[in-house]
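# Structure assessment
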Amino acid sequence: MTTRDAPARAPLRLALGLSLLLLSLRLYLSERVGFGDSEALYVSYGLHPAPAFLDHPGLVGELARWIGDGSVPRPSTLHQVTALAATAVPWVGYAAARALGAASGPALRTFFALALWPEMSLGLFALTPDLPLAVLWLGALGAAGAALRSPPESRGALLFALAAGLSAGLAVTAKASGALLVLALAATLVLPANRARLKTAAPWLAAALVAVLVLPLALHEVREGFPLLRHRFVTTQSRAGLSLRNLAALLGGQLAYVGPPLLVGAYRVLRVLLRDRGSAVPALLVAATVVPGLPLAGLCLWSRVAEPHWLAPAYLGLALGASLHDPVGPWVRRAVAAFGSVAIAAGFLLVATPVQIRILGSRYVPRYDLANDLFAWKTGIPLVREELEAAAEQSRQAVVVGPHWTVCAQLHAGLGASVQVGCRTPGGDDFSTWLPESGWRRAPTVLFVTDDRFDVDAKAAFPDRDVVGVRTGYVYRGGRPVRAIHVTRLDRAAVTRLP
């Protein structure tokens, strides 16, 4: 090992210590929280395997199904797996940086950028499409860079190209934005310096591998009338249009999710990569930033329902670029460390403790605190199960129905495949395919489950049924009720409840 490749011991020890700390915090939370609303939906995907759903392709559902051994995994089990995976992501970035030619010490800059990035350190705790996408995106860039650094006709160029194709193809099955990664890799190959590689088999075999992996998703979309694309670009875009509100949401989201220090560092890295874009690896990282970044930013500016975190993949190439150059400077590195540490600590405290409730006091509004979603259904699911048992004792078949996919997803994930769950989301949802309204409307008993985020009159929503009873459970955090869950039993004909 040369002096250049010998890792700096102090940064390496710091990186290992940070990983152990983050893993400890994530494992601590894994034993205490349930599914988030979106996470519950992705877990529900696993009960209905398909190449794609309305919001995302199907890989995240397959992962949930694998973790649950064919069924719904326990929240603690799922989060133990995601805790390990989220902790591994910065090391995947480190390995990718090494594949791009960075020495061990500089490659640790990529590790720290990913580990201290709030959107990564906090957001990847849950099982969402972004978790596999981050791993696959970094892996694809690392493999593609290694292929570009290998002689065009070499075995290494072929193997690395196939690894890049495998990662990029799977990235498309993780999230639709993975298609932009494929375009970025293609854009890199058509640059004058890389066109000679198009005369070899490597890029074409990699492209064929991408096509094989994406084909089931493409066929599903064509066969079903492009439900994912229609949902993303038509159904949910009734109020779309360029606006100052969307611009503020985009900029504010980057400041909160990425943080000012990392944004400054990202700008400086991009500036250096643009200067060196005549070289293969910098050109790859520029393409991996610009090709996804421009359309995703444009979508955020146009759509009122776009999320600021959609831009995250565009920053991954810059995190890798930080390992090739050090244009950031010591004060930015210290600011990144400070901002990331504070964000991680704040995120942990907001979820693990009721500190927000105690600080805000009477100004605290529970419905705006997403952390409550992680605790609410430990109360809600047992309440629903009791009503299901009561209906079964009277030999009445019961289905469970919610007013919105956020509630329905929690019910489906919490109750499992043995209980039918329907949904009444305005505008439609995946439940309309899994259990159409025409199916659950015929059930003798409907258990309508809602919470105080949704103002729904059960009797008005089901005028053809009698209200047999209503049960309410309260969720407490910090000594305060933060959520009320209501279970209304509606029968086709009133029955007398057994004692």
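## Comments concerning the overall build of the chain
When helices and strands are tallied, the chain shows 22 helices and five strands. Against the globule reference of 23 Å for 499 residues, the chain gives a C-alpha radius of gyration of 25 Å, in line with a compact fold. Principal-axis analysis of the C-alpha atoms places the extent of the chain at approximately 80 × 50 × 45 Å. Relative to its full complement of 499 residues, the chain shows a buried share of 52%. Considering only contacts within the chain whose residues lie at least 6 apart along the sequence, 74% involve residues at least 24 apart. Of the roughly 22200 Å² of accessible surface on the chain, 64% is carried by carbon and sulfur atoms. Side chains of the chain give 46 positive and 31 negative charges; the mean places of these two sets differ by 10 Å.

## Let's talk about the packing of helix H13 (residues 260–275) against helix H15 (residues 312–321)
Two elements in contact, H13 and H15, have axes separated by 9 Å at closest approach and are oriented at 75°. Considering the angle they form, H13 stands roughly perpendicular to H15. Residues Leu 263, Ala 266, Val 269, Leu 270 and Leu 273 of H13 pack against Tyr 315, Leu 318 and Gly 321 of H15. Partitioning the contact of H13 with H15 into residue classes produces seven nonpolar, one polar and no charged.

## What about the sheet that holds strand E2 (residues 421–423)?
Judged by pairing direction, the sheet is mixed, and its five strands sit side by side in the order E2-E1-E3-E5-E4 without closing on themselves. Each edge of the open sheet carries a strand with a single partner, namely E2 and strand E4 (466–477). Taking the axes of each pair of neighbouring strands and ignoring which way they run, one obtains an average angle of 25° across the sheet. As paired elements, strand E1 (residues 398–402) and E2 share three bridges and run parallel to each other. The residue bridging Gly 402 from the neighbouring strand is Cys 423, located in E2. Where helix H19 (residues 405–415) meets the sheet, its contacts fall on E1, E2 and strand E3 (445–451), and the angle it forms with E2 comes to roughly 175°.

## Let's talk about the packing of aromatic side chains
By the definition in use, this model includes twelve aromatic pairs. Between Tyr 45 and Phe 53, the aromatic rings sit 3.9 Å apart at their centres with planes inclined by 10°, giving stacked as the arrangement. Relative accessible area serves as the criterion here: at 0%, Tyr 45 is assigned to the buried category. According to the relative accessible area criterion, Phe 53 is buried, its value standing at 6%.

## Looking at the state of the cysteines
Tallying each qualifying case throughout the model produces one disulfide. With its sulfur 2.1 Å from that of its partner, Cys 408 forms a disulfide with Cys 423. The disulfide joining Cys 408 to Cys 423 has a torsion of about 90° about its S-S bond and is therefore right-handed. Taken together, the positions of Cys 408 in helix H19 and Cys 423 in strand E2 put the pair 15 residues apart, joining distant regions of the chain. Judged by relative accessible area, Cys 408 falls into the buried class, the value being 0%. Accessibility expressed as a relative area gives 10% for Cys 423, which makes it buried.

## Remarks on the pattern of salt bridges
Enumeration according to the criterion identifies 17 salt bridges in this entry. A salt bridge links Arg 275 to Asp 276, with the shortest nitrogen-to-oxygen separation between them at 3.0 Å. The partner of Asp 373 in a salt bridge is Arg 483, and the shortest N-O contact between them spans 2.9 Å. Of this pair, Asp 373 sits in helix H18 (residues 373–393) while Arg 483 sits in strand E5 (residues 480–491); the two residues are 110 residues apart in sequence, bridging distant segments of the chain. Here the two residues Asp 373 and Arg 483 agree in accessibility, since each one is buried.

## Here's the deal with the environment of Arg 442
Along the chain, the position of Arg 442 falls in the loop between helix H21 (437–440) and E3. Judged by its relative accessible area of 63%, Arg 442 falls in the exposed class. Measuring from C-alpha to C-alpha, the distance between Arg 442 and Arg 492 comes to 9.2 Å, with 50 residues separating the pair along the chain. Not counting residues up to four positions away in its chain, the partners in contact with Arg 442 are Arg 465 and Arg 492. A polar contact of 2.8 Å, which involves the side chain of Arg 442, links it to the backbone oxygen of Ser 438.

## Some details on the side chain of Ser 303
As for its position among the elements, Ser 303 is in the loop between helix H14 (280–302) and H15. Take Ser 303: its relative accessible area is 1%, and that puts it in the buried class. Side-chain polar atoms of Ser 303 contact the side chain of Gln 237, separated by 2.7 Å. Here Val 305 takes part through its backbone nitrogen, which lies 3.2 Å from a polar atom of the side chain of Ser 303. Excluding its chain neighbours within four sequence positions, the residues that come into contact with Ser 303 are Gln 237, Ala 240 and Asn 246.

Conventions and cut-offs
Every residue gets a number counted from 1 within its own chain, in the order that chain's sequence is written. The model is predicted, so local features are restricted to residues of pLDDT at least 70 and side-chain atom pairs to those at 80 or more, both for listing and for counting; the totals for chains, interfaces and linings are taken over all residues. Computation of side-chain values covers all heavy atoms of the structure but excludes hydrogens and water. Secondary structure is summarised from DSSP: a helix means a run of H or I of at least four residues, a strand means a run of E of at least two, and numbering begins at the N terminus for each. Values of the radius of gyration come from C-alpha atoms, whereas the globule rule sets the reference at 2.2 Å times the count of residues to the power 0.38. Relative accessibility decides the category of a residue: with a 1.4 Å probe and only protein chains considered, values under 20% of the type maximum give buried, values over 50% give exposed, and everything between is partly exposed. Pairs of residues are marked as contacts when any of their non-hydrogen atoms sit within 4.5 Å. Each accessible area is a Shrake-Rupley estimate made with a 1.4 Å probe; only the visible protein chains count as cover when residues are assessed. Charge counting treats Lys and Arg as positive and Asp and Glu as negative, with His and both chain ends excluded. Here the site of a charge means atom NZ of a Lys, CZ of an Arg, CG of an Asp or CD of a Glu. Interaxial angle, 0 to 180 degrees, is taken between N-to-C directions of lines fitted to C-alpha atoms, where a helix line uses only the stretch in contact. Angle categories are assigned with fixed cut-offs, so that under 35 degrees is roughly parallel, over 145 is roughly antiparallel, 65 to 115 is roughly perpendicular, and the rest are oblique. The nonpolar class holds Ala, Val, Leu, Ile, Met, Phe, Trp, Tyr, Cys and Pro. Asp, Glu, Lys and Arg form the charged class, and all remaining residues, Gly among them, are polar. Any two strands between which DSSP finds at least two bridges are classified as paired. Each Phe, Tyr or Trp ring, with Trp reduced to its six-membered ring, pairs with another whose centre is within 6.5 Å; inter-plane angles below 30 degrees give stacked pairs, above 60 give edge-to-face pairs, and intermediate values give tilted ones. Disulfides are defined as cysteine sulfur pairs within 2.5 Å. Any carboxyl oxygen of Asp or Glu within 4 Å of a side-chain nitrogen of Lys or Arg constitutes a salt bridge here. We call two N or O atoms a polar contact when they sit within 3.5 Å, provided that within protein one can donate a hydrogen and the other can accept it, with sequence-adjacent residues counted only if both atoms are side-chain atoms.

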